[in-house]
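An overview of the molecular structure
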Amino acid sequence: MIRTLLRAAPAIMLAVAATLTAPTALAAPAPTTVAADPSAPGAYPVAWTDLTVSASGRSYSARVWYPGKTAGANAAVATGRHAGLAFGHGFFQDISKYENTLRHYASWGFITVTPKSQGGISPSHSGFADDLNAGLAWLTAQNAATGSRFAGAVDTSRYALSGHSMGGGAALLAASRNPAVKSVSTLAAAETNPSAIAAGSALTIPAQYVGGSKDTVAGVEGHQRKMYNAKPAPTQLRVITGGFHCGFTDSSGFGCDSGSVTRAEQQRLVRSVTTSYLLFTLGLDNSYQDQVWGSAAQNLPGVVYTAKP
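Anyway, here's the lowdown on the structure attached to this text.

With respect to helix 6 (residues 220–230)
- Along helix 6, the residues classified as buried are Val 220, His 223, Gln 224, Met 227 and Tyr 228. Projected down its long axis, helix 6 shows its buried positions confined to an angular sector of 115°, all on one face. In helix 6, the exposed positions that point more than 90 degrees away from the buried face belong to Glu 221 and Asn 229.
- Those residues of helix 6 that are buried lie in contact with helix 4 (166–177), helix 5 (196–201), strand 8 (207–212), strand 9 (235–240) and strand 10 (303–308).

Dropping the structure here:
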């Protein structure tokens, strides 16, 4: 027996040595959440309805874009609670000029009220701000109203404001008057009367200013950069290289400018930076932090990034 063990000892020792020196298999890395491309359409079918908004002493015609169970006019709202957004059009612009952007937001789950008010030659900037806030107040009422299409479908803790040009300035005015608003994202925001710059400077919520480097109507240096400089953190300025004022709309009209980037590319970049920003700042998807405040934001091709996180 002993002789047998002694004869086997070298083989046993070699086996032990091989076990000790064999490479150890590494554990698979923990899965990480990869953010979906915010410039691509979201998961929801796009629905809309035309109606009259009446709230907070304001009354106006509006179109509401929202995530639907199916696509199309007056479709049922998708299951769940969805963030609310009020979007303001630019001076002398019809809301139909923003359909690409508004449809995109609906596909990502935002219920967006778009007032048709203040469309004349002498709009009231202050009144437009009140109209935007009335849109959010209307959503709150509809959420609680039995029989409403939006009953139980609105996340009233997640409200944001947005707009283009005059509408962007009005969004800042509105945010300064409404503690229910958690975030603001603006497109080529223009100074207003009363001052959007002053209103923005008092905001403590996140504010995003998106502009175009070739904008000759409400240029970055005369408008958005002043707003950004006046706003304490958290805030960011995203300037689209070659972007133009009317590149934020779906088509150009009288008095429009032009840029060195195509409208399609400018709107793709707009969808990317604003959708990720809204999703993150409203607490809907934390996977977009890098695209809002991190290296992905700082190195996005075609967009110059400045921020006070």
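What follows continues from the structure just given.
A few points about the pattern of salt bridges
- Applying the stated criterion across every chain, the model contains 7 salt bridges.
- Linking Asp 130 and Arg 177 is a salt bridge whose minimum nitrogen-to-oxygen distance equals 2.8 Å. Here Asp 130, found in helix 3 (residues 125–144), pairs with Arg 177, found in helix 4; they are 47 residues apart in sequence, far enough to count as distant.
- When its relative accessible area of 35% is taken as the criterion, Arg 177 is described as partly exposed.
- The partner of Arg 268 in a salt bridge is Glu 265, with the nearest N and O atoms 2.9 Å apart.

Overview of the nonpolar core
- Membership of the largest hydrophobic core comes to 47 residues, with the highest contact counts inside it found for Trp 138 and Leu 161.
- Excluding anything up to four places from it in sequence, Leu 161 contacts Leu 85, Ala 86, Leu 132, Asn 133, Leu 136, Ala 171, Ala 174, Ala 175, Val 181, Ser 183, Val 184 and Ser 185.
- Residues Ala 83, Phe 110, Leu 279 and Leu 282 belong to the second largest nonpolar core, which totals 17 residues.

Focus on the environment of Val 239
- Along the chain, the position of Val 239 falls in strand 9.
- Among residues more than four places away in sequence, those in contact with Val 239 are Gly 211, Gly 212, Ser 213, Val 220, Gly 302, Val 303 and Val 304.

A short note on the packing of aromatic side chains
- Enumeration over the complete set of coordinates arrives at 7 aromatic pairs.
- Aromatic pair Tyr 66 and Phe 150: ring centres 5.2 Å apart, planes at 85°, arrangement edge-to-face. Residue Tyr 66 is located in strand 2 (residues 58–67), and its partner Phe 150 is located in the loop between helix 3 and strand 6 (154–164); the two are separated by 84 residues in the primary sequence.
- Under the relative-accessibility criterion, Tyr 66 is labelled buried at 0%.
- Clustering of aromatic rings is evident, with ring pairs tying together Tyr 66, Trp 138 and Phe 150.
- Its end group placed over the ring of Tyr 228, Lys 308 keeps NZ or CZ at 4.6 Å from the ring centre.

A closer look at the side chain of His 245
- As for its position among the elements, His 245 is in the loop between strand 9 and helix 7 (263–281).
- In terms of polar contacts, His 245 uses its side chain to reach the side chain of Asp 215, at 2.8 Å.
- Contact partners of His 245, with chain neighbours within four places excluded, come to His 164, Ser 165, Ala 188, Asp 215, Val 217, Ala 218 and Asp 257.

Digging into the sheet that holds strand 2
- Taken together, the 10 strands give an open sheet; going across it, the order is 3-1-2-5-4-6-7-8-9-10, and neighbouring strands pair in mixed fashion. Of all strands in the sheet, those bounded by a partner on one side alone are strand 3 (72–73) and strand 10.
- When strand 9 meets strand 10, the two strands line up antiparallel, connected through 6 bridges. Along strand 10, the bridge assignment pairs Gln 236 with Ala 307.
- The sheet contacts of helix 4 involve strand 4 (82–88), strand 6, strand 7 (181–187) and strand 8, and relative to strand 6 the element is tilted by about 140°.

What about the environment of Thr 192?
- Secondary-structure assignment places Thr 192 in the loop between strand 7 and helix 5.
- Sequence spacing of Thr 192 and Ala 170 is 22 residues, and the spatial spacing of their C-alpha atoms is 7.1 Å.
- Discounting chain neighbours no more than four positions away, the residues touching Thr 192 are His 125, Met 166, Gly 169, Ala 170 and Leu 173.
- Separated by 2.7 Å, the side chain of Thr 192 and the backbone oxygen of Pro 194 make a polar contact.

Digging into the state of the cysteines
- One pass over the full model with this rule turns up 1 disulfide.
- Here Cys 246 engages in a disulfide with Cys 256; their sulfurs sit 2.1 Å apart. Of note, the bridge from Cys 246 to Cys 256 carries an S-S torsion of about -85° and is left-handed in sense. Residue Cys 246 is found in the loop between strand 9 and helix 7, and its partner Cys 256 is found in the loop between strand 9 and helix 7; the two are separated by 10 residues along the sequence.
- Take Cys 256: its relative accessible area is 25%, and that puts it in the partly exposed class.

Parameters and conventions
Residues numbered from 1 in each chain as written. Predicted model: local features only at pLDDT ≥ 70, side-chain atom pairs only at ≥ 80, totals over all residues. Heavy atoms only, no water. Buried < 20%, exposed > 50% of the residue type's maximum accessible area, 1.4 Å probe, protein only. Helix = DSSP H or I, 4+ residues; strand = E, 2+ residues; numbered from the N terminus. Arc of directions from axis to C-beta. Contact = heavy atoms within 4.5 Å. Salt bridge = Lys/Arg side-chain N within 4 Å of Asp/Glu carboxyl O. Core = buried A, V, L, I, M, F, W, Y, C linked by side-chain atoms within 4.5 Å. Phe/Tyr/Trp six-rings, centres within 6.5 Å; stacked < 30°, edge-to-face > 60°. Lys NZ or Arg CZ within 6 Å of the ring centre and 35° of its normal. Polar contact = N/O pair within 3.5 Å; in protein donor to acceptor, adjacent residues only side chain to side chain. Pairing = 2+ DSSP bridges. Axes fitted to C-alpha atoms, helices over the stretch in contact; angles between N-to-C directions. Disulfide = S-S within 2.5 Å.

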